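# Structure at a glance
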Amino acid sequence: MSKSIDVAALGELLIDFTCNGASPQGNPFYEANPGGAPCNVLAMLAKLGKRTAFIGKVGDDQFGHFLRQVASEAGISMDGLVMDAHSHTTLAFVKTAENGDRDFSFYRDPGADALLTPGEVPEDVIAGARIFHFGSLSLTGEPVRSATQKAVALARTAGCLLSFDPNLRPPLWNSLEQAREQINWGLGQCDIAKISDDELLFLTGETDFDDGAAKLIAQFPNLQLVNVTAGAQGSISYYQGLRVFQPVLSLGGVIETTGAGDTFCACVLNFLLEHGLEHLTSQDLSQMLRFANAAAYLVTTRRGAIRSMPEPEQILALL
């Protein structure tokens, strides 16, 4: 089958309510930002000219229709989106610290995204993709966990590259032990992993990035490329014995970090679509990380994610 889609992603599509000032009475104003990690990734890829498709579920409510419209306007195919009349779109309230870090409160018990069933996974969309991307929020419970497992199996059969982002959100798990078990399952399926410094510590117990990455790669020999994002420090690629570090851009103006990791992830996938995953050099990895770091920085200077993705020209101008 010919590959008509560059990247298909499955997972959550939700509203991030981000604090944006206060009323004269001192009550916080919340801005309804369209978000959800997998769709954030696709939004950045679409900015870079790639063909993308989303698989997931939202409520047949005002938020669900808003999300479908925004994602479609961003250039993402939403043919794989299910609108559920019997559940609500998931909401996340985001509290941002002075350094841009975030604390999440989720309204998802369950939200529509967690109710995607295996029968609602569009097999043709996955079969037509070059890369299939997923995260851990679709592994937090049933039926979406089984839907994700089916999608991963279909992607492997179809010869897709598999990309995984643990994207750990502790409030959404029954226990951290369950989170570790399911994230380990995801890592055992993928070719490419994007993992934050906090997630690396959570999974390996190692504070040293090199030791943590070495432990992951030894545990999951299927991993061909591991990218560790370390916030203000920068990012590191581990690939077939190579280790490449690229410092972050520190130009100030950071408002919040929502979507930064997803933007980084999208830029990595864009590079792999254009260069492949075989025979990468240190120079290739450095070029990939520089571009990804720059794009991620630009997103931190804006609120929200899907509608805040930078244009390629803005990234290149920054570099």
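Located above this text is the structure these notes cover.
The notes below deal with the structure included here. This is a predicted model, so every value here is computed, not measured.

### Observations regarding the pairing of strand β13 (residues 242-247)
- Pairing analysis gives six bridges linking strand β12 (residues 234-239) to β13, with the strands arranged antiparallel. Bridged to Y239 within β13 is L242.
- Between the antiparallel neighbours β12 and β13 lie two residues, among them Q240 with a positive phi of about 45°.

### Observations concerning the pattern of salt bridges
- Scanning the entire structure with this criterion turns up 13 salt bridges.
- Among the salt bridges present, the one from K57 reaches E120, with a minimum N-O distance of 3.0 Å. Of the two residues, K57 is situated in strand β4 (residues 52-59) and E120 in the loop between β7 (102-107) and α3 (123-127); the sequence distance between them amounts to 63 residues.
- You can call E120 partly exposed: its relative accessible area is 26%.
- With its nearest N and O atoms 3.7 Å apart, the salt bridge here joins D165 to K194. Here K194 lies in strand β10 (residues 192-196) and D165 lies in strand β9 (residues 161-165), a separation of 29 residues in the sequence.

### Here's the deal with the packing of aromatic side chains
- Evaluation of the coordinates by the stated rule reveals seven aromatic pairs.
- With a centroid separation of 5.3 Å and an interplanar angle of 70°, the aromatic rings of F93 and Y107 are classed as edge-to-face. Of this pair, F93 sits in strand β6 (residues 91-96) while Y107 sits in strand β7, and the two are 14 residues apart along the sequence.
- Overall, F93 belongs to the partly exposed group, its relative accessible area being 25%.
- Of the residues examined, Y107 reaches a relative accessible area of 54% and is grouped as exposed.
- Chaining the aromatic ring pairs together yields one cluster made of F17, Y30, F63, F93 and Y107.
- Here the basic side chain of R180 rests over the ring of F202, its NZ or CZ set 4.2 Å away from the ring centre.

### Digging into helix α2 (residues 62-73)
- End to end, α2 covers 17 Å across 12 residues, agreeing with the expected 16 Å (1.5 Å per residue, within 8%).
- Among all positions in α2, only G64, L67, V70 and A71 are buried. Buried residues in α2, looked at end-on, bunch into an arc of 130°, giving them a common side. Counted as exposed and oriented over 90 degrees from the buried face of α2: Q62 and E73.
- Where α2 is buried, its residues meet β2 (14-22), β3 (28-35), α1 (37-47), β4 and β5 (76-84).
- Where α2 terminates, the next one or two residues include G75, which has phi positive at roughly 95°.

Reading the values: rules and limits
Residues numbered from 1 in each chain as written. Predicted model: local features only at pLDDT ≥ 70, side-chain atom pairs only at ≥ 80, totals over all residues. Heavy atoms only, no water. Pairing = 2+ DSSP bridges. Helix = DSSP H or I, 4+ residues; strand = E, 2+ residues; numbered from the N terminus. Salt bridge = Lys/Arg side-chain N within 4 Å of Asp/Glu carboxyl O. Buried < 20%, exposed > 50% of the residue type's maximum accessible area, 1.4 Å probe, protein only. Phe/Tyr/Trp six-rings, centres within 6.5 Å; stacked < 30°, edge-to-face > 60°. Lys NZ or Arg CZ within 6 Å of the ring centre and 35° of its normal. Expected span 1.5 Å × (residues − 1). Arc of directions from axis to C-beta. Contact = heavy atoms within 4.5 Å.

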